[in-house]
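Remarks on the overall topology
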Amino acid sequence: EKSQDCMYLQYCKVCQSYKAPRSHHCRKCNRCVMKMDHHCPWINNCCGYQNHASFTLFLLLAPLGCIHASFIFVMTMYTQLYNRISFGWSSVKIDMSAAKRDPRPIIPFGLSAFAASLFALGLALGTTIAVGMLFIIQMKVILTNKTSIESWIEEKAKDRIQYYQTGETFIFPYDTGSKWKNFKQVFTWSGIPEGDGLDWPVRDGCHQYSLTIEQLKQKADKRVRSVRYRAVEDYSGVCCPVTKGVETFFTTPCTEEPRIALSKGDLILATRGLKHWMYGEKILDSAADGGIRERGWFPRKCVEKCQYDSETEQPVDGEKKNR
């Protein structure tokens, strides 16, 4: 509504428009998503403002269904094995060919059925644990009126303040201070979340763009800390390169973030790094300053630091100090 608010907003180069507060661009969906939490491959969609409650209910009901299935599997195997067990003076034998007692089972339960039931029980218990943990994580961020991305932004804000000793105090603007009020912003009887996904109630001392301003500060800090590297070896962009050394092969980053292909002479602005890998933005030949860049991971041994044309003379975060 107000053109002067553009100074507080982030601009999405892909969508060619300004991002609403709490919005983020999803590479998989190729669009900006309001109040984006993450992209879920299991629902082939992003978890955000419109479906955060539905996704959380899915994380609750899936473990409950698996617990119900586990109970059925356990009772089935128990009753069938109990009917096939025979006790002798010196040993206990289990005959899977037929039941020792009547009534006979309606569905035949042999060795293959037992193996399938045992395998299904393991899957059900594994899903219960894995998805149940995701449900707990989601409830934690919902009760503080955050998303997973915003929790990460808050951690980086504390790190930035501590690094530069600015004396600032970052207050997350959307946490109402009441877990029940935070809960009601996501879960409603109608199934439609509160608000319009653009304007949000904020805490005292904050305004609608407090979080966005912090993101802009972090992006500026990333540009300051970035270091320019030049590619000295070709890299095809594969996830686990065989020709770049054993350590590079086995220490590939466990993340969905992409890899970028490199050719000798390419310039890359590295923003963070591991021991054998680095993450940065490749500056394309056709792009001027602030132009389109490809971001992703690449092997550290494929590049060398530019001595005279780097953004700064500071090393990458991972080298600058151990956190």
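This text gives an overview of the structure that appears in the document. The shown structure was predicted, so the numbers you read here are calculated from the model rather than taken from an experiment. (Residues numbered from 1 in each chain as written. Predicted model: local features only at pLDDT ≥ 70, side-chain atom pairs only at ≥ 80, totals over all residues. Heavy atoms only, no water.)

A few points about the state of the cysteines
- For the structure shown, the criterion picks out zero disulfides.
- With no disulfide of its own, Cys 29 has Cys 46 as its nearest cysteine by sulfur position, at a separation of 3.6 Å.
- Among the residues examined, Cys 29 registers a relative accessible area of 17% and is labelled buried.
- Between Cys 46, a free cysteine, and Cys 26, which holds the nearest cysteine sulfur, the sulfur-to-sulfur gap is 3.3 Å. (Disulfide = S-S within 2.5 Å. Buried < 20%, exposed > 50% of the residue type's maximum accessible area, 1.4 Å probe, protein only.)

Here's the deal with the packing of helix H1 (residues 52-83) against helix H2 (residues 111-143)
- Their axes nearest at 8 Å, the elements H1 and H2 cross at an angle of 155°. With respect to H2, the axis of H1 lies roughly antiparallel. For the pair H1 and H2, the crossing hand works out as left-handed.
- Residue classes in the contact of H1 with H2 are distributed as 22 nonpolar, eight polar and no charged. (Axes fitted to C-alpha atoms, helices over the stretch in contact; angles between N-to-C directions. Helix = DSSP H or I, 4+ residues; strand = E, 2+ residues; numbered from the N terminus. Parallel < 35°, antiparallel > 145°, perpendicular 65-115°, else oblique. Left-handed = near helix turned anticlockwise from the far one by under 90°. Nonpolar A, V, L, I, M, F, W, Y, C, P; charged D, E, K, R; others polar.)

Details of a nonpolar patch on the surface
- There is a patch of nonpolar side chains on the surface, built from Phe 71, Ile 72, Val 74, Met 75, Tyr 78 and Tyr 82 and spanning about 620 Å² of accessible area.
- When you line up the elements, Tyr 82 lands in helix H1.
- Judged by relative accessible area, which is 46%, Tyr 82 ranks as partly exposed. (Patch = residues over 30% accessible without salt bridge, like charges linked within 9 Å, V, L, I, M, F, W, Y side chains within 5 Å. Areas by Shrake-Rupley, 256 points an atom, 1.4 Å probe, with all protein chains shown as cover. Salt bridge = Lys/Arg side-chain N within 4 Å of Asp/Glu carboxyl O.)

Brief notes about the side chain of Lys 146
- Here Lys 146 lies in the loop between H2 and helix H3 (148-164).
- For Lys 146, a relative accessible area of 13% corresponds to the buried category.
- Setting aside its immediate chain neighbours within four residues, Lys 146 contacts Arg 22, His 52, Val 141, Ser 151, Glu 154 and Phe 172. (Contact = heavy atoms within 4.5 Å.)

Describing the environment of Gly 197
- One can find Gly 197 in the loop between helix H4 (179-186) and helix H5 (210-225).
- Judged by relative accessible area, Gly 197 falls into the buried class, the value being 0%.
- Residues Gly 197 and Gln 50 lie 147 residues apart in sequence; the distance between their C-alpha atoms is 8.2 Å.
- For Gly 197, the contacting residues outside a window of four places in its chain are Pro 21, Met 34 and Tyr 49.

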